[in-house]
Amino acid sequence: MAFLVAIEGIDGSGKGTQATRLHERLDRAGKRAALISFPRYKATLFGKAVGDFLNGRFGTLENVSPFLVALLYAGDRFESRGLLLDSMASNEVVILDRYVPSNLAHQGAKVTSAERARLIEWVSEIEYGIYRLPRADLTFLLDLPVADAQRLIAQKQSRQYTPKKADIQEADAGYLDNVRGVYRDLAAAEPNWYRVDCLAGSSLRSVDEISDEIWNVLASHSKPA
């Protein structure tokens, strides 16, 4: 069964870029590897609903209960469970551009700290317990301050799920800062997490520097090369 790697972080932190870089590097090293990006906006019923949510179809972030939003993201992965398990059976490494921790961080950021533990436990039970999704063997958190992340978001090309430069989550700096805080708490508390600082001092680290750090950490865990 494949070694399962999740790449996490707030919007704009470079998850897609680093997931692609890692996939390409494993391929060059002669390793069988697969990359799956969540949400699967065009491929699943729930993924399409996530796109609608992010475009504001169901209301603002404050209008929609995080418990309900969590079900959309979890449903997208449940619909994709067969793809994930098949990929794990036929590859040595499977890379996930966002996974269950995204749901924990994004929904946990919408409630008070007193409510957060209950929501995280509830979402975890749905995804890992009821839906029986495998847990990642190693999770990387790309840690980037919100101001830098939003600058990078503004430079993105159009995405398949939205015509906007920023969706309702990306546009809300306060919300993203809360998400970052939950991510950092998860990284500090959960086993098999590794936090990657995307800044060196006040300067953004290069894509290659971050890619090398991810590669070296993964090599120490799973010997990919």
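Report on the accompanying structure.

The rules behind the values
- Residues numbered from 1 in each chain as written.
- Predicted model: local features only at pLDDT ≥ 70, side-chain atom pairs only at ≥ 80, totals over all residues.
- Heavy atoms only, no water.
- Helix = DSSP H or I, 4+ residues; strand = E, 2+ residues; numbered from the N terminus.
- Contact = heavy atoms within 4.5 Å.
- Salt bridge = Lys/Arg side-chain N within 4 Å of Asp/Glu carboxyl O.
- Core = buried A, V, L, I, M, F, W, Y, C linked by side-chain atoms within 4.5 Å.
- Buried < 20%, exposed > 50% of the residue type's maximum accessible area, 1.4 Å probe, protein only.
- Phe/Tyr/Trp six-rings, centres within 6.5 Å; stacked < 30°, edge-to-face > 60°.
- Expected span 1.5 Å × (residues − 1).

1. Observations concerning the side chain of S124
Line of reasoning, step 1. Summarising the element assignment, S124 is placed in helix α6 (residues 113-130).
Line of reasoning, step 2. Those residues in contact with S124 that lie beyond four places of it in its chain are L104 and G129.

2. Structural notes on the pattern of salt bridges
Line of reasoning, step 1. Evaluated as defined, the whole model comprises 13 salt bridges.
Line of reasoning, step 2. The residue R98 makes a salt bridge to D11 at a minimum N-O spacing of 2.5 Å. Taken together, the positions of R98 in the loop between β3 (93-97) and α5 (100-108) and D11 in the loop between β1 (3-8) and α1 (15-28) put the pair 87 residues apart, joining distant regions of the chain.
Line of reasoning, step 3. One salt-bridge network, held together by shared partners, links D143, R180, R184, R195 and D197.

3. What about the nonpolar core?
Line of reasoning, step 1. Core analysis: the biggest nonpolar cluster contains 67 residues, and L22, L84, V94, L96 and Y99 have the highest contact counts within it.
Line of reasoning, step 2. A total of 7 residues in this core trace back to one element, the largest contributor, which is helix α8 (residues 173-189).
Line of reasoning, step 3. Ignoring anything within four residues of it in the chain, the contact list for L84 reads L4, I36, V94, L96, Y99, L133 and P134.

4. A word on the packing of aromatic side chains
Line of reasoning, step 1. Inspection of the entire model under this criterion finds 4 aromatic pairs.
Line of reasoning, step 2. Each ring, one from F38 and one from Y99, has its centre 6.2 Å from the other, and the planes form 35 degrees; the classification is tilted. Of this pair, F38 sits in the loop between β2 (33-37) and α2 (45-54) while Y99 sits in the loop between β3 and α5; the two residues are 61 residues apart in sequence, bridging distant segments of the chain. For the pair formed by F38 and Y99, the shared burial category is buried.
Line of reasoning, step 3. Seen in terms of ring centroids, F78 and Y131 are 4.3 Å apart; in terms of plane orientation they differ by 25 degrees. Their pairing is stacked.

5. Remarks on α6
Line of reasoning, step 1. With 18 residues, α6 extends 25 Å from end C-alpha to end C-alpha; this agrees with the ideal 26 Å at 1.5 Å per step.
Line of reasoning, step 2. Where α6 is concerned, the buried positions are R116, L119, I120, V123, S124, I126, E127 and Y128.
Line of reasoning, step 3. Elements in contact with the buried residues of α6: α3 (66-79), α5 and α8.
Line of reasoning, step 4. Looking one or two places after α6, you find R132, whose phi comes out positive at around 55 degrees.

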